[in-house]
Amino acid sequence: MKFKSVLIIGALLSNSVMAFDNFISRKGHTLYDGDKVFRFAGIHAPELHRIEDDAKGVCKADPRGWGQHFKWPTADEQENWIKAIVGTNQKAMRVYVLSIEQAADKACGRETHILAPTEKGGMPQLNEQAMVVYDRMIALADQHGLRLILPFIDHWKWWGGREQLADFYGEPEDAVYDVYSKTYQAYQHIIRQVVTRRNTITGRLYNQEKAIMIWETGNELKDTNELFLAKTSAFIKALAPNQLVMDGTYIKINDFALKDPNVDMVSNHYYTNVGNNSPETVLADLKTINGQKPYLIGEFGLQPSDKLQAIMDAAVNAEYKGAKAVGAFIWGFRGHRHNGGFYWHNEGGSKYYSYHLPGFKEGDFNEEIAVVEIARKAAAQMMGEKLLPLAKPEAPKLREINSVADVRWMGAPLGRSYRIERSTSMDSGWKTIANGLSDGKHKFDPRFDTLFCDDSVKANATYYYRVFAQNESGESPASNVQKFTTSQHIGKCN
């Protein structure tokens, strides 16, 4: 069934008009889409290809004391998230790394992108189920006009990173930075498998996908050395000459990255715990780079909105010798659930949580609407465009109704509220039974929360339902219709 679904999605996408004419290229410190300068901003969406399901809590079998539950997103979820990103004016997105298998995964019911070798000393392999989800992310990004920045592995252990890769070979946790290690050989093997993979949906090799803007050596590989970067960037560039390569380091700009002919871009992440989460870092980094390479602020955040605004203003406007940042991402976004509500994530035990698009009053504690508007405005400014109102939302997707006490729908990508109509006939007699409903509840838990309970039905009657999405620009067309016949005993609303 899953394979059949992939074939259907692939047929639909392959017959659609693809969004891009050009690979993104670079000249000096500037990125170009054809002959047009390309700059971007947004809210970082790390999980377009793998979800931390925080509502399920922590897996106690994980000895790290963190151990979240993970799952693969559905096709509806991935497309909804990408539409929400593009609909809020974002033209590019950096996602999180490829996850690596570790000891507690089986006990926690987790799957990863990268699987342990099947024999001692062998090379790691890609998880085909995971990579089909990755294929679909790339295909949908191409269809809807979103450029992607794709890092390979993580410095950190949370999704499985360099330490877990080294564990396969009994080597030290930093062995990946040693180009003569077995771990580095495995790292290159992963890169080759990914970059030369054929997308099961588009039919193209990954190195032919114009939606892939940048390959990043990894996430926050803060111990990157000159030889590691030289060999890695040359290796990627040989496999993907039309796509860009970025040094995936952290905290500092590596001087050797500026001199490396195979490194197209450099980046930094700003956080308070490393002392650089301020607008002054933008100009300081631009001075260090000295116009030699394009510069990306790959992540910044976990601050009040006024401080985020100051950093984003610097990202848009700070200039040194004609060079400005090419992009900036606020951390971080989570999207709609397949059957209603949103995924959510607390950021490291802080008071900050993930943002939901297009922003909801339930997120006022998190300054959600203000932060989304910071990102939308900056994305327009980066491209020299006027910020336009949100488009009217598309129709939500009403899910099968098993109880009138639990009516659920997948929210529209740009919907802020919803109106429900009910009728006793499929063709006429529709009446509004609820209006102004929100699906933006903080810490939505699908085990206990729902979106709507209809307490005005009669026993032993058949009803039809449909839903409309709303935002400040208007109302969507009607959703699909769902039918439900009540029994003699009607559930009660809480």
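In case you missed it, the structure is sitting above this.
Rules and cut-offs
Here, residues in each chain are numbered from 1, in the same order as that chain's written sequence. Under the rules for a predicted model, residues below a pLDDT of 70 receive no local features and side-chain atom pairs below 80 are neither given nor counted, while totals for whole chains, interfaces and linings still include all residues. Hydrogen atoms and water are omitted, and side-chain values are computed over all heavy atoms in the structure. In the sections that follow, a salt bridge refers to a side-chain nitrogen of Lys or Arg positioned within 4 Å of a carboxyl oxygen of Asp or Glu. Secondary structure elements follow DSSP: runs of H or I of four or more residues count as helices, runs of E of two or more count as strands, with numbering from the N terminus. The buried label applies to any residue whose accessible area, calculated with a 1.4 Å probe on protein chains only, is under 20% of its type's maximum; exposed applies above 50%, and partly exposed to all values in between. Residues are treated as being in contact if the distance between any of their heavy atoms lies within 4.5 Å. Expected span, for any helix, means 1.5 Å times one less than how many residues it has. Any two cysteine sulfur atoms within 2.5 Å of one another count as a disulfide. At least two DSSP bridges between two strands are required for those strands to pair. Angular values range over 0 to 180 degrees, each being the angle between N-to-C directions of two axes fitted as lines to C-alpha atoms, with helices fitted over their stretch in contact.

Asker: Mind showing me how you'd approach the pattern of salt bridges here?
Answerer: A full pass over the atoms with the stated rule returns 30 salt bridges. One salt bridge in this structure joins arginine 94 and glutamate 299, with 2.9 Å as the shortest N-O distance. One end of the pair, arginine 94, is in strand β7 (residues 92-94); the other, glutamate 299, is in strand β14 (residues 295-301), with 205 residues separating them in the sequence. An identical accessibility class is assigned to arginine 94 and glutamate 299; each is buried. The partner of glutamate 421 in a salt bridge is arginine 419, with the nearest N and O atoms 2.7 Å apart. Assessed through its relative accessible area of 12%, arginine 419 is described here as buried. Because the salt bridges share partners, they merge into one network encompassing Arg419, Glu421, Arg466 and Glu475.

Asker: I keep staring at the side chain of asparagine 207 and nothing clicks. Help me out?
Answerer: Considering the arrangement of structural elements, one finds asparagine 207 in the loop between α5 (182-195) and β11 (212-219). Leave out the neighbours within four places in its chain, and asparagine 207 touches Phe23, Val195, Thr196, Leu239, Ala240 and Gln243.

Asker: Help me out: how do you make sense of α5 in this one?
Answerer: Because the α-helix completes a turn every 3.6 residues, residues three or four places apart line up on one side. Here α5 spans 20 Å end to end across 14 residues, near enough to the 20 Å set by a 1.5 Å rise per residue. Of all 14 residues in α5, ten are buried; the element is thus mostly enclosed. Of all the positions in α5, only Thr183, Tyr184, Ala186, Tyr187, Gln188, Ile190, Ile191, Gln193, Val194 and Val195 are classed as buried.

Asker: I'm lost on the state of the cysteines in this one. Help?
Answerer: Note: disulfide means a covalent bond formed between the sulfur atoms of two cysteine side chains. What the rule picks out here adds up to one disulfide. Residue cysteine 59 pairs covalently with cysteine 108 via a disulfide, S to S 1.9 Å. One quick way to see it: the torsion about the S-S bond of cysteine 59 and cysteine 108 is about -85°, and its sign makes the bridge left-handed. Here the residue cysteine 59 occupies a position in the loop between β5 (51-52) and β6 (70-71), and cysteine 108 occupies one in the loop between β7 and β8 (114-115), the gap between them amounting to 49 residues. Classification of cysteine 59 as buried rests on a relative accessible area of 6%.

Asker: I tried to follow the sheet that holds β14 on my own but got confused; where do I start?
Answerer: By way of backbone hydrogen bonds, the strands of a sheet pair with one another, either parallel or antiparallel. With parallel pairing, the eight strands of this open sheet are ordered in space as β4-β15-β14-β13-β12-β11-β10-β7. Where the open sheet ends on each side, the last strands, each with one partner, are β4 (40-44) and β7. Sheet twist, expressed as the average angle between the axes of neighbouring strands with direction ignored, equals 20°. Judged from the five bridges that link them, β4 and strand β15 (residues 327-331) form a sheet pairing that is parallel. By the bridge assignment, glycine 42 is partnered in β15 with phenylalanine 329. On the sheet, helix α9 (residues 305-317) packs against β4, β13 (265-270), β14 and β15 and is oriented at approximately 175° with respect to β14.

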